[in-house]
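Survey of secondary and tertiary structure
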Amino acid sequence: MAKTLPKGTPIFLILFTIFSFSTSATAAGFSRTLSPAKLGLKREKLSHLHFYFHDIVGGRNPTAVRVAEAAMTNTSFTGFGAVVMIDDPLTVRPELSSKLVGRAQGIYASAGQTELGLLMVLNFAFMEGKYNGSSLSVLGRNTVFSAVRELPIVGGSGLFRFARGYAHARTHTFDIGTGDAVVEYNVYVFHY
Ligand SMILES: *[C@@H]1O[C@H](CO)[C@@H](O)[C@H](O)[C@H]1NC(C)=O
Ligand SMILES: *[C@@H]1O[C@H](CO)[C@@H](O)[C@H](O)[C@H]1NC(C)=O
């Protein structure tokens, strides 16, 4: 192999090595190891949150609005390509009039061609009690016709910093006429 390399190669390699070392020395300037206590992180705990998600697509005040679609969306039985932006209320009871604890804000999109499978990319923005102002981020797959769907919780903010966990979603009611759905969520998260 050495035969095929040009004569200047060893010098180039030496220069490259020196350059690499100096780069890693610079890198040390913007990152360091920190003890969790320095960030005020105490013991990690596990929390369970329970609420109802109201996806209102019909009526005069929808909370879920289709914002994009593919040319084939209307002919695909799964609605493949449809993208829906949501700002869905989260309440403590299945009734929309019950106490609001937060809102699910983000996007769901039909990502399956042979089975209805939604890509869910959203934040649960909490507005109640100590969690007011804190959020959990969801990135997952939702096969809405399955009895229980599991969605990963990939992070969070505020009291949910460093959060990770999962959510179980179960359809509580679905109105075929309007398309409105109430979904029960059980969320389990590790956080500090
Ligand atoms: C799909 O159907 C809706 C409702 O009838 C219509 O507004 C929309 O333009 C259609 N989209 C396409 C890409 O044909
Ligand atoms: C949540 O926090 C916001 C902003 O600080 C405040 O305006 C609101 O009243 C709080 N809501 C509750 C239910 O505590």
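Just above, that's the structure.
Residues numbered from 1 in each chain as written. Chains lettered and ligands numbered in written order. Predicted model: local features only at pLDDT ≥ 70, side-chain atom pairs only at ≥ 80, totals over all residues. Heavy atoms only, no water.

**Let's talk about the overall build of the protein**
Tallying secondary structure elements over the protein gives one helix and nine strands in all. When the helices and strands of the protein are read in sequence order from the N terminus, they spell out α-β-β-β-β-β-β-β-β-β. Contacts in the protein between residues at least 24 apart in sequence constitute 48% of all its contacts with a sequence separation of at least 6. Carbon and sulfur atoms form 62% of the exposed surface of the protein, whose accessible area is close to 12200 Å². (Helix = DSSP H or I, 4+ residues; strand = E, 2+ residues; numbered from the N terminus. Contact = heavy atoms within 4.5 Å. Areas by Shrake-Rupley, 256 points an atom, 1.4 Å probe, with all protein chains shown as cover.)

**Some remarks on the site of ligand 2**
Taken together, the residues surrounding ligand 2 are Met127, Glu128 and Asn132. Within the contact set of ligand 2, an oxygen atom lies 2.3 Å away from a side-chain nitrogen or oxygen of asparagine 132. Against a free-state accessible area of 360 Å², the protein chains account for coverage of 24% of ligand 2. (Near = heavy atom within 4 Å. Polar contact = N/O pair within 3.5 Å; in protein donor to acceptor, adjacent residues only side chain to side chain.)

**Here's the deal with the site of ligand 1**
Taken together, the neighbourhood of ligand 1 is formed by Glu69, Ala70, Ala71 and Asn74. If ligand 1 stood free it would expose 360 Å²; the protein chains cover 32% of that surface. For the shell around ligand 1, the residue count by class is two nonpolar, one polar and one charged. (Nonpolar A, V, L, I, M, F, W, Y, C, P; charged D, E, K, R; others polar.)

**Some remarks on the packing of aromatic side chains**
One pair of aromatic rings is described through two measures. These are the centre distance and the angle between the planes. On inspection of all chains with the given rule, the structure shows 10 aromatic pairs. For the pair phenylalanine 53 and tyrosine 185, a centre-to-centre distance of 5.3 Å together with 45 degrees between the ring planes defines the contact as tilted. Here tyrosine 185 lies in strand S9 (residues 181-191) and phenylalanine 53 lies in strand S1 (residues 45-55), a separation of 132 residues in the sequence. Judged by relative accessible area, which is 3%, phenylalanine 53 ranks as buried. Given the relative accessible area of 1%, tyrosine 185 is considered buried. When the centroid spacing of 5.5 Å and the interplanar angle of 75 degrees are considered together, the rings of phenylalanine 124 and tyrosine 185 count as edge-to-face. Taken together, the residues span a long stretch of sequence, with phenylalanine 124 in strand S5 (residues 118-126) and tyrosine 185 in strand S9 at a distance of 61 residues. Accessibility classification places phenylalanine 124 together with tyrosine 185 in one group, the buried group. What links up through ring pairs into an aromatic cluster is the set Phe51, Phe53, Phe124, Phe126, Tyr131, Phe160 and Tyr185. (Phe/Tyr/Trp six-rings, centres within 6.5 Å; stacked < 30°, edge-to-face > 60°. Buried < 20%, exposed > 50% of the residue type's maximum accessible area, 1.4 Å probe, protein only.)

**So, a nonpolar patch on the surface**
On the surface, Val65, Val67, Met85, Ile107, Leu119, Val121, Leu139 and Val154 cluster together to form a nonpolar patch covering roughly 630 Å² of accessible area. Along the chain, the position of valine 121 falls in strand S5. (Patch = residues over 30% accessible without salt bridge, like charges linked within 9 Å, V, L, I, M, F, W, Y side chains within 5 Å. Salt bridge = Lys/Arg side-chain N within 4 Å of Asp/Glu carboxyl O.)

**Points about the nonpolar core**
Most often, soluble globular proteins keep nonpolar side chains buried together rather than apart. One finds Phe51, Phe124, Leu136, Tyr185 and Val187 to be the most contacted residues of the largest nonpolar core, which totals 29 residues. Looking at this core, the elements with two or more residues in it are S1, strand S3 (83-91), strand S4 (100-110), S5, strand S6 (135-142), strand S7 (149-157), strand S8 (164-174) and S9. (Core = buried A, V, L, I, M, F, W, Y, C linked by side-chain atoms within 4.5 Å.)

**A few points about the pairing of S9**
For a regular strand, the rule is simple: side chains alternate between the two faces of the sheet. In terms of burial, S9 is largely enclosed, as nine of its 11 residues are buried. Note: S1 against S9, 11 bridges, orientation antiparallel. Paired with leucine 49 across the strands is valine 187, a residue of S9. Examined bridge by bridge, S8 and S9 share 10 bridges and lie antiparallel to one another. (Pairing = 2+ DSSP bridges.)

**A few points about the side chain of glutamate 184**
If you trace the backbone, glutamate 184 turns up in strand S9. In this structure glutamate 184 is buried but unpaired, with arginine 170 as the nearest side chain of opposite charge at 5.2 Å. Among the polar contacts listed, one links the side chain of glutamate 184 to the side chain of histidine 50, at a separation of 2.7 Å. Residues contacting glutamate 184, with those up to four places away along its chain left out, are His50, Phe51, Tyr52, His168, Ala169, Arg170 and His172. (Lys, Arg positive; Asp, Glu negative; His and termini not counted.)

**Concerning the side chain of threonine 143**
Note that threonine 143 resides in the loop between S6 and S7. Ignoring sequence-local partners within four residues, the contact set of threonine 143 consists of Glu115, Leu116, Gly117 and Arg149.

Note that every value here comes from positions in space, so none of it alone points to a role or purpose.
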